[in-house]
Amino acid sequence: MSQDKRASEQLKLTIESYHREFVYNDHDFEQVKTRIYNYAGIDLADHKKDLVYNRLIKRVRDLALNSFDEYLTVLDNSSEEIAYFINAMTTNLTSFYREPHHFEFLSETYIPSLFQQGQRSLRIWSSACSVGEEAYSIAISLLEANIDINEWDIKILATDINTDVLKTAKTGIYSLERIENLSLIRKKLGFMRGKNENINKVIVKENLKKLIDFQHSNLIDIWNIDEPLDVIFCRNVMIYFDKETQHTLLDRMAKLLKPGGILFIGHSESPTQAMKYFKSLGRTTYQKL
Ligand SMILES: C[S@@+](CC[C@H](N)C(=O)[O-])C[C@H]1O[C@@H](n2cnc3c(N)ncnc32)[C@H](O)[C@@H]1O
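Residues numbered from 1 in each chain as written. Predicted model: local features only at pLDDT ≥ 70, side-chain atom pairs only at ≥ 80, totals over all residues.

The next subject is unusual backbone geometry. Positive phi, normally seen in glycine, also occurs at Y97, with a value near 55 degrees. Here Y97 falls in the buried class, since 21 other C-beta atoms lie within 10 Å of it. The phi angle at N146 is positive, at roughly 65 degrees, despite the residue not being glycine. Its place among the elements puts N146 in the loop between α7 (133-144) and β2 (153-160). (Buried ≥ 20, exposed ≤ 12 C-beta atoms within 10 Å, placed from the backbone. Helix = DSSP H or I, 4+ residues; strand = E, 2+ residues; numbered from the N terminus.)

In structure tokens, the structure reads:
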């Protein structure tokens, strides 16, 4: 590095630390990186240093601590704090019918093919469900497939590592804006208008809610699933993992799927070697061989 460049980097760091309320250095960032990798498999890129500071600062303040170093000591001595830390460090961006082609494949192609084969049961896993919009979109898609959800034996398992998003998911209550881009038919199939304290909100219909079991689960840990699955949604979560973790995850998911079962991954996720268990059906949709 040239002397000029080094001087300008040094100046940048000095300005950054000057504006920070708490001491936060490269060592602190490395410690955070190690912990979130060990707890959740999340592989934080180096350019996320400021993001980490911004996500944890409120906690450092609320706990009346003087530095990030002190916060790390608290974290290492409290399982409750680990949950808070994971909730703060995970990114939960989602929407109803995100990447809509997956839901269309489900309702227009896959479920009709199961019906033709005489199948009347479904086991589906939304494996990083965030606030639940993915899982409820799956449930609405079953109605769009025109199957009788009371006659079929249906279980949608929806899991996430973040305990806060699961609380929202379980309520099935969302602001009106969350569904503003859905077609009228999807709105009608899925939601009721809220009343009283939920006046500007929508509530997922009870017949759909009862299909879904929201549970806390860590993808890099043991899974509480004891039967083969027809469909797995593993979307927009593998991007946070390194190649090795992605590979292990897909390998385990392949083993859980029934032959002919379907795996959906996110649009920016690249398949690993574990894809040898699948054939591609196009558009990030894979079928277990
Ligand atoms: C960007 S959201 C994706 C939500 C949804 N699948 C979608 O595509 O819209 C990623 C989710 O993965 C969850 N997550 C991150 N690491 C996880 C892990 N190790 N186990 C389970 N969930 C995890 C986060 O809490 C977050 O809710």
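Having seen the structure, we can now continue with the description.
This paragraph deals with the sheet that holds strand β10 (residues 285-288). Taking strand neighbours across the sheet as the criterion, the seven strands line up as β6-β2-β1-β7-β8-β10-β9 in an open arrangement whose pairing is mixed. Of all the strands in the sheet, the pair left with one neighbour each is β6 (212-216) and β9 (278-282). Here the strands of the sheet are splayed against their neighbours by 20 degrees on average, with no regard to which way each runs. As defined by bridge partners, strand β8 (residues 257-265) adjoins β10 across three bridges and the pair is classed as antiparallel. For I262, the partnering residue across the bridge sits in β10 and is Q287. The strands that α7 touches are β1 (121-126), β2, β6 and β7 (229-234); relative to β2, the one it contacts most, it runs at about 165 degrees. Its contacts with the sheet put helix α11 (residues 243-256) on β7, β8, β9 and β10, and the angle it makes with β8 is roughly 140 degrees. (Pairing = 2+ DSSP bridges. Axes fitted to C-alpha atoms, helices over the stretch in contact; angles between N-to-C directions. Contact = placed C-beta atoms within 7 Å.)

Around the ligand there are 24 residues in total, and T90, T94, A128, S130 and L219 lie nearest to it. Split by residue class, the shell around the ligand holds 10 nonpolar, 10 polar and four charged. There are two domains that each give the shell around the ligand at least three residues, and those are domain 1 (3-89) and domain 2 (101-170 + 205-288). (Near = placed C-beta within 6 Å. Nonpolar A, V, L, I, M, F, W, Y, C, P; charged D, E, K, R; others polar. Domains from an automatic or database assignment.)

Another aspect to go through is the pairing of β7. Look at any regular strand and the pattern is simple: side chains alternate between the two faces of the sheet. Most of β7 sits out of view: six of its six residues are buried. With five bridges joining them, β7 and β8 adopt parallel strand pairing. Of the residues in β8, the one forming a bridge with C234 is I265. Traced from β7 through α11 to β8, the parallel crossover comes out right-handed. (Right-handed = clockwise from strand over helix to strand, strands pointing away.)

Per the domain assignment, the segments of the protein are domain 1 (3-89) and domain 2 (101-170 + 205-288). Look at where the C-alpha atoms of domain 1 and domain 2 centre, and you get two points 33 Å apart. Listed per partner, the contact involves seven residues of domain 1 and 11 residues of domain 2. Here the element with the most residues in the side of domain 1 that touches domain 2 is helix α5 (residues 79-89); it accounts for three residues. Partitioned by chemical class, the residues of the side of domain 1 that touches domain 2 number four nonpolar, two polar and one charged.

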